[in-house]
Structures are given as C-alpha cells and as structure tokens.
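# Breakdown of the fold
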Amino acid sequence: MKVHGAVLSTASQRVFACLYEKELDFELVPVDMRTGGHKKEPFISLNPFGQVPAFDDGDLKLFESRAINLYIAHAYADKGNQLIYSDGKKMAILSMWMEAEAHQFDPVASSLYWELVFKPMFGMTTDAAVVDEKEAKLGQVLDVYEARLAQSKYLGGDDFTLADLHHLPNIQVLMGTQVKKLFDSHPHVNAWCADILARPAWLKVLAMQANN
C-alpha cells in the first residue's frame, strides 16, 4: 500500500491514522506541496483534482481521504481495530455522523485553521470577522455533538469508528488555538476529544510530524 501525500496535510493525516488503527504497513510517497507537486505530474494522474492524498493498493487507485478510509476499513476488516459496523442500522448511524463531519464540522474547522494557523504562518492577516463568524458556526455544531455525546460514548455509537477518526486532524490543530475555548465549554465534547486524541494510532501520526 502506498499513500501519496504530505505529513502536514490534514487529509493525509486521516489516512495515516486509519492505517495505524488497522495495524497495516504502508509506504509514504511524499508530495511536495510547497513546489506545487500536487498540481502536476506524476501526482495529477493519481488525483486529477490535484489534492492530497492519493492511495494505491495493488491495482486499486483511490483519492479522497474519507473514501480511502472506507475502503481500508472494509477490505481489512480482520485487521487491527474495527472502524465500521457490519450491522446495517449501526452502519447507517455511523455513516450519518461521517457525513456530519464532512459537511458540518470540516468546512468550519478548515476555515478556522486557515485563518488562525496558515495565514499567520505565511505572514498574512487574519480576518477577525471571518473568525467570529466561523467560531459561532462551530459552536452550533458542537452543541449538536454535545447532545449526541451525552448519550453515546462516541459519535457513531459505543465504539471508536471512522466518524470519530475523521475529526482528529482538525481537532488537533484547533486545540492549539483560541478555538479551544469552544471545546472546553462542551464537557462531553471535551472528554471525547481527550479520548480520541490520546489513541496510540493518532500519536503515531503526530510522531510522523515531529520527525518530518
């Protein structure tokens, strides 16, 4: 298995975390995004949208991190930790929360990541109005999560699944910013974050960054 990506890419980190949870060996093929490596050959043949990561397992080639993770969880169901359910109803609930991450949490979290981390990193000015707007939206998302996690240990059910895993990269970053206050003010969300951020597989992803 090969992951064509970048250690600091949140989307790539989702796939690394899944592979570590499944205890699978993989090769990282680094893509230099600073020089636009993701927008030209040979990478553009793997993902015509020009976004990392891309993935191949034998003759199967995939892009989009969440689709890659679904494949890994299904194809290697007998390996490592179970990240999906075989029961139809349980899997439907899990899928619903995966969709919530992709369409409710990620757009707001990614915008805050851009404003609070990337802009300062590149000498750009953070737009305070955008931050205020996105913080308010994230607070609303976390209100929904708080109600769910008051009833369930994890978003998708009683077990850690892809619905939780897919949040890890953005939560890790946002916990190091002023946005941490929003997580702290939601006790069930805060406990869930502490739980999933401490998983051994995720700590291996963080070690990859430290060694980069």
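Up top is the structure these notes are about.
Per chain, the residues get numbers from 1 upward, laid out in the order the sequence is written. The model is predicted, so local features are restricted to residues of pLDDT at least 70 and side-chain atom pairs to those at 80 or more, both for listing and for counting; the totals for chains, interfaces and linings are taken over all residues. Computation of side-chain values: all heavy atoms of the structure, hydrogens and water removed.

### Description of helix H1 (residues 10-21)
Rule in force here: Counting from the N terminus, the helices are DSSP H or I runs at least four residues long and the strands are E runs at least two residues long. Multiply 1.5 Å by the residue count of a helix minus one, and that product is the helix's expected span. Here the term buried applies to any residue with accessible area under 20% of the maximum for its type, exposed to any over 50%, and partly exposed to those in between, with areas from a 1.4 Å probe on protein chains only.
Taking 1.5 Å per residue, twelve residues should reach 16 Å; H1 reaches 16 Å between its end C-alpha atoms and fits that length. Counting buried residues in H1 gives eleven out of twelve residues, a clear majority hidden from the surface. Burial in H1 covers these residues: Thr10, Ala11, Ser12, Gln13, Arg14, Val15, Phe16, Ala17, Cys18, Leu19 and Glu21.

### Some thoughts on the pairing of strand S3 (residues 54-57)
Rules: We treat two strands as partners when DSSP finds at least two bridges between them.
Of the two faces of S3, the one carrying Ala54 and Asp56 and the one carrying Phe55 and Asp57 are both buried. The pairing of strand S1 (residues 2-5) with S3 spans three bridges and is antiparallel. Bridged to Val3 within S3 is Phe55. In this sheet, strand S4 (residues 60-63) lies alongside S3 in antiparallel orientation, the contact comprising four bridges. When the bridges of S4 are listed, Ala54 appears paired with Phe63. Adjacent in sequence and paired antiparallel, S3 and S4 are bridged by two residues, among which Gly58 carries a positive phi angle near 65°.

In short, shape yes, function no, at least from these values alone.
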